[in-house]
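Now for the letters of each chain:
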Amino acid sequence: MKIAVLGATGQTGQYLINQALQQGHMVTAIVRNPGKLTVHHDNLKVVEADIFSQDNLKTHFKGQDVIMSCLGFPASIFSGVTGYTQSMNAMISAMREARVNRIITMTSWYTEPNSGAQSSYLIRFLLLPMIRSVLTNMHEMEQFLHKTEDINWTVVRPPGLKNLPASAHEFLTHEGYFVPDSSGNPAGSAVGRGDVARFMLSLLNSNAWVKKGVAITTK
């Protein structure tokens, strides 16, 4: 397939690009800083663009089969995070103009404000408050996608991310804000970035999670 990837220079994005190329896809990496991407491949095209500009993006979206976003924005204590909603607004508008109908993006477990109630004390009272500004904007982006009826979107929600390549472990999935174990508590707390990329790419051949948010982890 022809895939446009945003967030390609990030840690998860680099796993995604490498795996997509190994699987034979044609990849366009849309980046803010081309110098950060060290991968070279005949089927990889690297383009510089403003991820918040619909006009910039539509040029590179034309002819693509799917848009995949691994964009991440840092937490901010003093001001709200807006990168997720601003970039997704630009992406969806550009997709409409370029007539691309499929987007796969990633957020996180616990984007919904009350969904962390069952998490461990450490996560609930230390980690989640530290990244609340990010989770809030991720949730706003998810809500925006829920109202977007003309685009086939999927939101992939991983737990904590470890800088590990793809494994052969089976995925556990749940349509919600975390993956529960048999007693309803969160099953695990981290997953390898390579596995997140592997799951996102598996959706290219599946309609299982179209217009849905899916929490994932590995067994």
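Residues numbered from 1 in each chain as written. Predicted model: local features only at pLDDT ≥ 70, side-chain atom pairs only at ≥ 80, totals over all residues. Heavy atoms only, no water.

An unreviewed UniProt entry lists the chain under the name NAD(P)-binding domain-containing protein, with Dicentrarchus labrax given as the organism.

Re helix α3 (residues 83-98)
Convention followed: Only runs of H or I of at least four residues qualify as helices and only runs of E of at least two qualify as strands under DSSP, and these elements are numbered from the N terminus. To estimate how far a helix should extend, the number of its residues minus one is multiplied by 1.5 Å. Each residue is assigned to one of three classes by its accessible area relative to the maximum for its type, calculated with a 1.4 Å probe on protein chains only: buried under 20%, partly exposed between the two thresholds, exposed over 50%. Residues are treated as being in contact if the distance between any of their heavy atoms lies within 4.5 Å.
For α3, spanning 16 residues, the distance from its first C-alpha to its last is 22 Å, which sits close to the expected 22 Å at 1.5 Å a residue. When we look at burial in α3, the residues that qualify are Gly83, Tyr84, Thr85, Ser87, Met88, Ala90, Met91, Ile92, Ala94, Met95 and Ala98. Residues of α3 that are buried sit in contact with β1 (2-6), α2 (54-61), β4 (66-69), β5 (102-106) and α5 (132-146). Arg99, located one to two residues past α3, shows a positive phi value of around 60°.

Quick notes on empty space enclosed by the protein
The test is simple: Throughout, the protein atoms alone are placed on a 1 Å grid, and a set of points is a cavity if a 1.4 Å probe fits but cannot get out or a pocket if it is open with protein on both sides within 12 Å along at least five of seven lines; lining residues have an atom within 4 Å of a point. Grid points are joined across faces, edges and corners, and a volume is the space filled by probe spheres set on the points. In the scheme used here, Gly and all other residues not listed as nonpolar or charged are polar, with Ala, Val, Leu, Ile, Met, Phe, Trp, Tyr, Cys and Pro taken as nonpolar and Asp, Glu, Lys and Arg as charged.
Per the counting criterion, the structure on display carries one cavity of 30 Å³ or more. Estimated volume of the largest cavity: approximately 40 Å³. The wall of the largest cavity is formed by Ser69, Leu71, Phe73, Tyr84, Ser87, Met91, Thr105, Met106 and Met141. The element best represented in the lining of the largest cavity is α3, accounting for three residues. Tallied by class, the residues present in the lining of the largest cavity amount to six nonpolar, three polar and no charged.

Looking at the pattern of salt bridges
Cut-off, in case you're wondering: One speaks of a salt bridge when a side-chain nitrogen belonging to Lys or Arg is within 4 Å of a carboxyl oxygen belonging to Asp or Glu.
Within the structure shown, the criterion is met by six salt bridges. A salt bridge links Glu97 to Lys58; its shortest N-O distance comes to 3.0 Å. Here Glu97, found in helix α3, pairs with Lys58, found in helix α2; they are 39 residues apart in sequence, far enough to count as distant. For Glu97, a relative accessible area of 38% corresponds to the partly exposed category. Close ionic contact of Glu142 with Arg157 constitutes a salt bridge, the shortest N to O distance being 2.9 Å. In this pair, Glu142 sits in helix α5 while Arg157 sits in strand β6 (residues 152-157), placing the two residues 15 residues apart along the sequence. Each of the salt bridges in this network shares a partner with another, and the network as a whole consists of Asp55, Lys58 and Glu97.

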